[in-house]
Amino acid sequence: MTAERAEDVVRAVVVHDGRLLMVPEAAGWGLPSGTPQPAETVQATAARVVYELTGYLVDGTEPLEPGGADGGTAVLCRLLTESPSDGGRVTPDRLRWASAQETAHTPLPAPVRHYLQGHTPPV
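Residues numbered from 1 in each chain as written. Predicted model: local features only at pLDDT ≥ 70, side-chain atom pairs only at ≥ 80, totals over all residues. Heavy atoms only, no water.

Participant: For this particular structure, what's the right way to read the nonpolar core?
Facilitator: One recurring pattern in soluble globular proteins: nonpolar side chains tend to sit buried together. Ranked by size, the top nonpolar core spans 15 residues in total, and within it V14, V50, V58 and C77 carry the most contacts. Listing elements by their share of this core, those giving two or more residues are β1 (10-16), β2 (19-25), α1 (42-54) and β6 (73-79). The contact partners of V58, leaving out residues within four places of it in the chain, are V14, A46, A47, V50, C77, R78, L79 and L80. (Core = buried A, V, L, I, M, F, W, Y, C linked by side-chain atoms within 4.5 Å. Buried < 20%, exposed > 50% of the residue type's maximum accessible area, 1.4 Å probe, protein only. Helix = DSSP H or I, 4+ residues; strand = E, 2+ residues; numbered from the N terminus. Contact = heavy atoms within 4.5 Å.)

Below is the structure:
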């Protein structure tokens, strides 16, 4: 397996009812993320990664402003199904829907943090 370059990583930002979809990572929680396949747009990558990891169908609607030292692209995604289908690599009981406040100590790219500040209700 090849190492992912930070600038190639696409992170999916799925917000539903004021909560952000998070998946387990080695260092805690993070956004569903992966690398594009050949000729795949970042929007399609985000939708594919969310489905493969979680079983949720999403529509990768728009990339957020690039920025941050970590590179990569964050893509805002709209949730299309209220419950995940079977087959996601991360089972539903291991997923987390976190409020913006609950992500305060989670390392998120600056454009994602900025988006959450304006688009999630305070808890």
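Following the structure, the description resumes.
Participant: It is not clear to me how α1 should be interpreted in this structure. Could you clarify?
Facilitator: Residues separated by three or four positions in an α-helix point in the same direction, a consequence of the helix having 3.6 residues per turn. Here α1 spans 18 Å end to end across 13 residues, near enough to the 18 Å set by a 1.5 Å rise per residue. Listed as buried for α1 are T45, A46, A47, R48, V49, V50, L53 and T54. Those residues of α1 that are buried are in contact with β1, β2, β4 (33-34), β5 (58-63) and β6. (Expected span 1.5 Å × (residues − 1).)

Participant: I would appreciate a short explanation of the side chain of T45 in the present structure.
Facilitator: Relative to the assigned elements, T45 resides in helix α1. We classify T45 as buried; its relative accessible area is 0%. The residues touching T45, leaving out its near neighbours within four places in the chain, are V10, G34, T35, P36, Q37 and E40.

Participant: Would you take a moment to explain the pairing of β6 for this structure?
Facilitator: Where a strand is regular, its side chains alternate between the two sheet faces. Burial within β6 is extensive, with five of its seven residues counted as buried. When β1 meets β6, the two strands line up parallel, connected through five bridges. Its bridge partner lying in β6, V10 is registered against T73. Looking at chain direction, β5 and β6 are connected through five bridges and run antiparallel. When the sheet's bridge partners are listed, E62 is paired in β6 with L76. (Pairing = 2+ DSSP bridges.)

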